[in-house]
Amino acid sequence: QQPESRRRDESPDSLSDRLQRLIGGVTRAATEPSSREELEQQVCERFAAADGYFGGWFGRREMTIDQVVARTQVACGGAENIAVPLHETGHDPTRQALETGQVTVAAVTDLPSDSPHRRVAPSKGSVAAIPLQFGETRHGVLTVYTSAAHTLDDRDRTILESLGRVTTAGIN
């Protein structure tokens, strides 16, 4: 049985409040005048500070090396160079989100042992990749990590899709 404090943290009201704070913070960051780099930094900081999330990074496709490379990152465990190969087969949420234009979620335990996400995410956490796309223009992908105690459901995906649209509008 879970301790009372743990059950209280997962109540619908508490979850709703946390998500509203995250949405408000990202929306403010996206609507304040700033450079793309400042926007990316602020959005990553909002995720890193949000309950249930661990950190995140913005990646852009580097055509010359055929990888998605992290440009801005917060709370990614000292991983200096996060890069996701685009040419490999197998499940990678960052690559899949960039290819499909859909939020993609995976448990860290379901990723290949050499996945770059395993160097960053908590071993029992999740990875969510949020495509940053406006029309046909792809601005990259935001990859965020959840703590071991947090799983992503359909409601979270919907919210992440909305946050991706708000962030993309701020970039645009």
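Another aspect to go through is the overall build of the chain. Across its full length, the chain carries five helices and six strands. Walking the chain from its N terminus toward its C terminus, one meets helices and strands in the order α-α-α-β-β-β-α-β-β-β-α. Taken across its 172 residues, the chain has 45% of its residues classed as buried. Taking as baseline every contact in the chain between residues at least 6 positions apart, the subset at least 24 positions apart corresponds to 52%. Carbon and sulfur atoms provide 46% of the accessible area of the chain, an area that totals close to 8900 Å².

Quick look at the nonpolar core now. It is characteristic of soluble globular proteins that their nonpolar side chains tend to be buried jointly. With 24 residues, the main nonpolar core has V43, F47, Y53, L142 and L160 as its most contacted residues. If you list the elements that add at least two residues to this core, you get helix 2 (12-31), helix 3 (36-49), strand 1 (53-62), strand 5 (126-134), strand 6 (137-146) and helix 5 (154-171). Sequence-distant contacts of L160, defined by excluding residues within four places in its chain, comprise F47, Y53, V103, A128, I130 and L152.

Every buried residue of helix 4 (residues 93-100) is accounted for by P93, T94, R95, A97 and L98. Check the buried side of helix 4 and you find it contacts strand 1, strand 2 (67-74), strand 3 (83-85), strand 4 (104-107), strand 5 and strand 6. For helix 4, the capping residue at the N-terminal end is D92, with a side-chain oxygen 2.9 Å from the backbone nitrogen of T94.

Once that is clear, we can look at the packing of aromatic side chains. Going through the model one piece at a time under the given rule, you end up with one aromatic pair. An angle of 80° between the planes, with centres 5.2 Å apart, marks the rings of F47 and Y53 as edge-to-face.

What follows concerns the pattern of salt bridges. Taken as a whole and assessed by the stated rule, the structure comprises three salt bridges. In this structure, R36 engages E40 in a salt bridge whose closest nitrogen and oxygen atoms are separated by 2.7 Å. Highlighted residues: R36 and E40, both in helix 3, separated by four residues, approximately one helical turn. For E40, a relative accessible area of 1% translates into the label buried. It is possible to trace a salt-bridge network through shared partners that takes in R36, E40 and R60.

Here we come to the sheet that holds strand 2. The six strands lie next to each other as 3-2-1-6-5-4, forming an open sheet whose pairing is antiparallel. A single partner strand is all that each edge strand has here, and the edge strands are strand 3 and strand 4. Across this sheet, the average inter-strand angle for adjacent strands is 25°, counted without regard to direction. The pairing of strand 1 with strand 2 spans seven bridges and is antiparallel. Considered in strand 2, the bridge of R61 is made with V68. Helix-sheet contacts for helix 3 involve strand 1, strand 2, strand 5 and strand 6, and the interaxial angle to strand 1 is about 150°. Along the sheet, helix 5 makes contact with strand 1, strand 4, strand 5 and strand 6, crossing strand 5 at roughly 40°.

This next bit is on the side chain of T167. Its place among the elements puts T167 in helix 5. Non-local contacts of T167, meaning those with residues more than four positions away in its chain, are made with V26, A30, L39, V43, F58 and L132.

Attention shifts here to the pairing of strand 2. With antiparallel pairing between neighbouring strands as the criterion, strand 1 and strand 2 make up a hairpin whose turn holds four residues, including D66 at a positive phi of roughly 55°. As paired elements, strand 2 and strand 3 share three bridges and run antiparallel to each other. Across the sheet, residue V69 finds its bridge partner in strand 3, namely A83.

What counts and how
Every residue gets a number counted from 1 within its own chain, in the order that chain's sequence is written. It should be noted that, the model being predicted, local features are given only for residues of pLDDT at least 70 and side-chain atom pairs only at 80 or more, the latter also being counted only at that level, while totals for whole chains, interfaces and linings use all residues. Only heavy atoms go into the side-chain values, all of them from the structure, while hydrogens and water stay out. Helix numbering and strand numbering both begin at the N terminus, where a helix is a DSSP run of H or I of at least 4 residues and a strand a DSSP run of E of at least 2. A 1.4 Å probe rolled over the protein chains alone gives each residue an accessible area, and that area as a share of the maximum for its type sets the label: buried under 20%, exposed over 50%, partly exposed in between. Two residues form a contact once any of their heavy atoms are found within 4.5 Å. All accessible areas in this document rest on Shrake-Rupley with a 1.4 Å probe, and a residue is counted as covered only by the protein chains that are shown. Only buried residues count toward a nonpolar core, which is a set of Ala, Val, Leu, Ile, Met, Phe, Trp, Tyr and Cys residues joined through side-chain atoms within 4.5 Å. A 3.5 Å cut-off defines polar contacts: any pair of N or O atoms within that distance qualifies, except that in protein one atom must be a possible hydrogen donor and the other a possible acceptor, and neighbouring residues in sequence count only when both atoms are side-chain atoms. What counts as a ring pair is set by centres within 6.5 Å for rings of Phe, Tyr and Trp (its six-membered ring), and what kind of pair is set by the plane angle: stacked under 30 degrees, edge-to-face over 60, tilted for all other angles. A pairing counts as a salt bridge when a side-chain nitrogen of Lys or Arg comes within 4 Å of a carboxyl oxygen of Asp or Glu. At least two DSSP bridges between two strands are needed for those strands to be called paired. Orientation is described by lines fitted to C-alpha atoms, with helices fitted over the stretch in contact, and by angles between N-to-C directions that extend from 0 to 180 degrees.

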